[in-house]
Amino acid sequence: MGTIQVLDEHLANMIAAGEVVERPASVVKELVENAIDASATTIEIHVEEGGLEMIRIVDNGKGMDREDCQLAFERHATSKISNARDLFRIRTLGFRGEALPSIAAVSRMELTSSTSSSEVGTHLLLEGGQLGTISDKAAVKGTEVCVRSLFFNTPARLKYMKSIATEVGHISDYVNRLALTHPAISFLLTHNSKTLLQTSGDGKLLHVMAAIYGVQVAKLLLPIAGETLDYKWSGFLSKTEVTRANRSYLSTLVNGRYVRSYSINNAIMRGYHTLLPIGRYPIVALQIEMDPSLVDVNVHPAKLEARFSKEDELCSAIEQSVKETLRQGLGIVRPMATQPKAKVVTQVVQPQFDLQISKPETPQSSLLAASPRLQEWMAKQETTSMRVDVVPHIAPSIENGTVKESAANYEKLESAKVEAIPLEIVQATLLDQTDTREAFQPYETKLPSQLDIAQDNSAAVGTDQSPPLSEATNENETDSPVPVMYPVGQVHGTYIVAQNDEGMYLIDQHAAQERIFYEYFMDKLAEEGISSQIMLFPHTVEYTAAEASKLEKRLSLLQSFGLEIEAFGGRTFIVRAHPHWFPEGAELEVIEELIQFVLETGENAQANVVLMREKAAIMMSCKASIKANRFLTHAEMESLLNQLRKTSSPYTCPHGRPIVIHFTGYDLEKMFKRVM
């Protein structure tokens, strides 16, 4: 007698439940997907005690008649597909016909359904997969499924359930994904009568994301859209100031189904490259539409993964779309999400009185008598009453490049107050041959003669590898995403304080120059035929036998970076020349880092040239940039800000940290309680 036997239906369902019903969230997933396939527009999910005590799903879909209610609990009974060809054009979320019998096998289940509110509905009771009673019941159109005592007959599975909070988190996470996938459906999720999610079902994805992540996050989302011949996508992605600690906030929604696609997630992250700090991830909801024949969703027991035709083409297109969206939509980071409230202006008409008083003649002051220019101005202003009552400052004098105060200026000021002369005239009189802007430099501050920040002999960067500055041009005519900023000072030798008409700015000087040098080095590394300079003392490096063998095969790759390197016998290699623009003082360190990059690459090293160039540029820009606690002159700060404005992405350093933070006038007034 043979030993192989066919398992009975009940045992087969319990085994299938081990794959389909992993935890309470799996029950919610399967039942809500059935509701979506039934064309429901409103779905309510009520959960108690993490779903172990009770899960109730109510929808207003098509409903089922008595015959369908009974067949629904048979294994592989489904209305979604009818033949093998349908497997290659799946448009529904469910199609296997395993969910209901598997859930019923490990719970006490109750189902009520009706195809019309005017007809009598059907009510079923099941326990452990066995049909109990079937009866008629008054019901509205739609289906209500109630699952109680989940895993009551599988104590081993129940024993290893996580905490209630963990199970609720899994349920909430998947309902959130379904809400993102179907914004036209109104979802309501409650746990122990507490509302966790409620969406309006108005069809707007942004409103769903606001319900899930909050209104403040929704305000910082950028719309993304694009298409190719085979694919079409749309959705929202967060700006760089909104990040999370893991990838779970990347939602890929394919043909109305949430799937985990590592290739698409990686394409999105490549689009954010150098814009996010290490270990931080954006919030993204990307809806992708394609012909069902181009995707296979029948590759995972829970249908959470999919395989795509022309996957490389899709990932490349999404990566470019993300980059373009961020390029157009990014801006300077704001520390607050507050926006100025609309002010109600109340106009009060106040009676006006003629308070003109005849001015008695006064003798001319010594300042007025000594300046023909002032006398000319006084003659022109005889008929006007516009005067400056008090002149708050007198410009200091400049001697030998150093700003100093002059006591004589203050004596003249006292005389000037009597005549109420405008400030600009007084300045022009005292400083006829001095530039006004230079005159108001901070006291005892040396005026540098060079504008390039790398010219200072105490800087870590030499003149020869500094990014060249173009000649002075009209700043208003340059097309830069960063506005013109005028430096005011420094904080702790690390942050530059600048201002303009739009408010105040804080700039991380190291991150700013890191971005400048990164783009400079990327351009240099991409040049054909990189010129090198001979080292006075060649540098030798020694590696293990395995590393030396690998390096000897990849010397051409290092030579493409401008290094003149060759074998020097045994396991030793000698470097005779390197590009002249390597960071001064860090040449040897850069050389050894480049060699290490080559050693760490896989067999197809030539395919990773672009990635290696980028790593090298990031490393060199970090070593070449000015560090914290380095105090800059006013001209050096101004030069740094001008160079930053000429970069293609002046918002973040190559490591993804923000460069500029903007405080608007409203932000400052809000912090000081000037506005409430």
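Since this is a predicted model, take the numbers as computed values, not measurements.

Novice: Give a description of the confidence of the model for the chain that names residues and reports values.
Specialist: Across the chain, the average pLDDT comes to 77, with 72% of residues at or above 70. Long-range and interchain partners of residues 383-421, a stretch whose pLDDT sits below 50, account for 69 contacts in this model, where long-range means more than four residues apart. Note on residues 423-465: pLDDT under 50 across the span, and 90 contacts to partners over four residues away in sequence or across chains.

Novice: I'd like a description of the packing of helix α17 (residues 545-553) against helix α19 (residues 587-600), backed by residues and values.
Specialist: With their axes 10 Å apart at the nearest point, α17 and α19 run at an angle of 95 degrees to one another. Relative to α19, the element α17 lies roughly perpendicular. For the pair α17 and α19, the contacting residues are Glu547, Lys550 and Leu551 in the first and Ile595, Val598 and Leu599 in the second. Looking at side-chain class alone, the contact of α17 with α19 contains 4 nonpolar, no polar and 2 charged residues.

Novice: Which residues make up the sheet that holds strand β8 (residues 194-198), and what values do they have?
Specialist: Ordered in space as β5-β4-β3-β6-β2-β1-β7-β8, the 8 strands form an open sheet in which the pairing is mixed. This sheet does not close on itself; its edge strands, each paired only once, are β5 (130-138) and β8. Sheet twist, expressed as the mean angle between neighbouring strand axes with direction ignored, is 10 degrees. Of the strand pairs in this sheet, strand β3 (residues 108-114) and strand β4 (residues 120-127) are connected by 6 bridges, and their pairing is antiparallel. Residue Met109 lies in a different strand from β4, and its bridge partner there is Leu126. Across the sheet, helix α2 (residues 24-37) touches β1 (42-48), β2 (54-59), β3, β6 (142-148) and β7 (186-191), and the angle it forms with β2 is around 10 degrees.

Novice: I'd like a description of the environment of Lys550, backed by residues and values.
Specialist: Tracing the backbone shows Lys550 in helix α17. On the accessibility criterion, Lys550 (32% relative accessible area) is partly exposed. Put simply, Lys550 and Glu600 are 50 residues apart on the chain and 9.8 Å apart in space, counted from C-alpha to C-alpha.

Novice: So what about the nonpolar core? Which residues, and what values?
Specialist: Counting 56 residues, the largest nonpolar core has Ile43, Ile45, Met109 and Phe187 as the members making the most contacts within it. It is α2 that contributes the most residues to this core, 7 residues altogether. Once residues lying within four places of it in the same chain are set aside, the contact partners of Ile43 are Val32, Ala35, Ile36, Ile57, Val58, Asp59, Ile185, Ser186, Phe187 and Leu188. Of all hydrophobic cores here, the second largest spans 52 residues; its members include Leu275, Tyr281, Met485 and Val660.

Novice: Describe the packing of helix α9 (residues 262-271) against helix α10 (residues 311-329), with residues and values.
Specialist: Following both chains from N to C, one finds α9 and α10 inclined at 30 degrees, their axes separated by 8 Å at the closest point. Compared by their axis directions, α9 and α10 come out roughly parallel. Where α9 crosses over α10, the handedness of that crossing is right-handed. Here α9 contributes Ser263, Ile264, Ala267, Ile268, Arg270 and Gly271 to the contact with α10, which in turn contributes Glu311, Leu314, Cys315, Ile318, Glu319, Val322, Lys323 and Leu326. Per-class residue counts for the contact of α9 with α10 are 8 nonpolar, 2 polar and 4 charged.

Novice: Which residues make up helix α7 (residues 205-213), and what values go with them?
Specialist: Listed in full, the buried residues belonging to α7 are Leu205, Val208, Met209, Ile212 and Tyr213. Down the axis of α7, the buried side of the element spans an arc of 110 degrees, and every buried residue falls inside it. The first or second residue beyond α7 is Gly214, which carries a positive phi of 105 degrees.

Novice: Explain α9 residue by residue, including any values.
Specialist: Along α9, the positions that sit buried rather than exposed are Ile264, Asn265, Ala267, Ile268, Met269 and Gly271. At its buried positions, α9 is contacted by β11 (250-254), β13 (284-290), β15 (307-308) and α10.

Novice: Quick one: what's the story with the pattern of salt bridges, residue by residue and with numbers?
Specialist: Within the structure shown, the criterion is met by 18 salt bridges. The residue Lys29 makes a salt bridge to Glu33 at a minimum N-O spacing of 3.3 Å. Taken together, the residues span about one helical turn, with Lys29 and Glu33 both in helix α2 at a distance of 4 residues. In this structure, Lys29 and Glu33 share a single accessibility class: buried. A salt bridge links Arg66 to Asp136, with the nearest nitrogen and oxygen atoms 2.2 Å apart. Taken together, the residues Arg66 in helix α3 (residues 66-71) and Asp136 in strand β5 connect sequence positions 70 residues apart. Take Arg66: its relative accessible area is 33%, and that puts it in the partly exposed class. Residue Asp136 is classed as exposed on the basis of its relative accessible area of 53%. What emerges from the salt-bridge pattern is a single network uniting Lys29, Glu30 and Glu33.

Rules behind the numbers
- Residues numbered from 1 in each chain as written.
- Predicted model: local features only at pLDDT ≥ 70, side-chain atom pairs only at ≥ 80, totals over all residues.
- Heavy atoms only, no water.
- pLDDT = per-residue confidence, 0-100.
- Contact = heavy atoms within 4.5 Å.
- Axes fitted to C-alpha atoms, helices over the stretch in contact; angles between N-to-C directions.
- Helix = DSSP H or I, 4+ residues; strand = E, 2+ residues; numbered from the N terminus.
- Parallel < 35°, antiparallel > 145°, perpendicular 65-115°, else oblique.
- Nonpolar A, V, L, I, M, F, W, Y, C, P; charged D, E, K, R; others polar.
- Pairing = 2+ DSSP bridges.
- Buried < 20%, exposed > 50% of the residue type's maximum accessible area, 1.4 Å probe, protein only.
- Core = buried A, V, L, I, M, F, W, Y, C linked by side-chain atoms within 4.5 Å.
- Left-handed = near helix turned anticlockwise from the far one by under 90°.
- Arc of directions from axis to C-beta.
- Salt bridge = Lys/Arg side-chain N within 4 Å of Asp/Glu carboxyl O.

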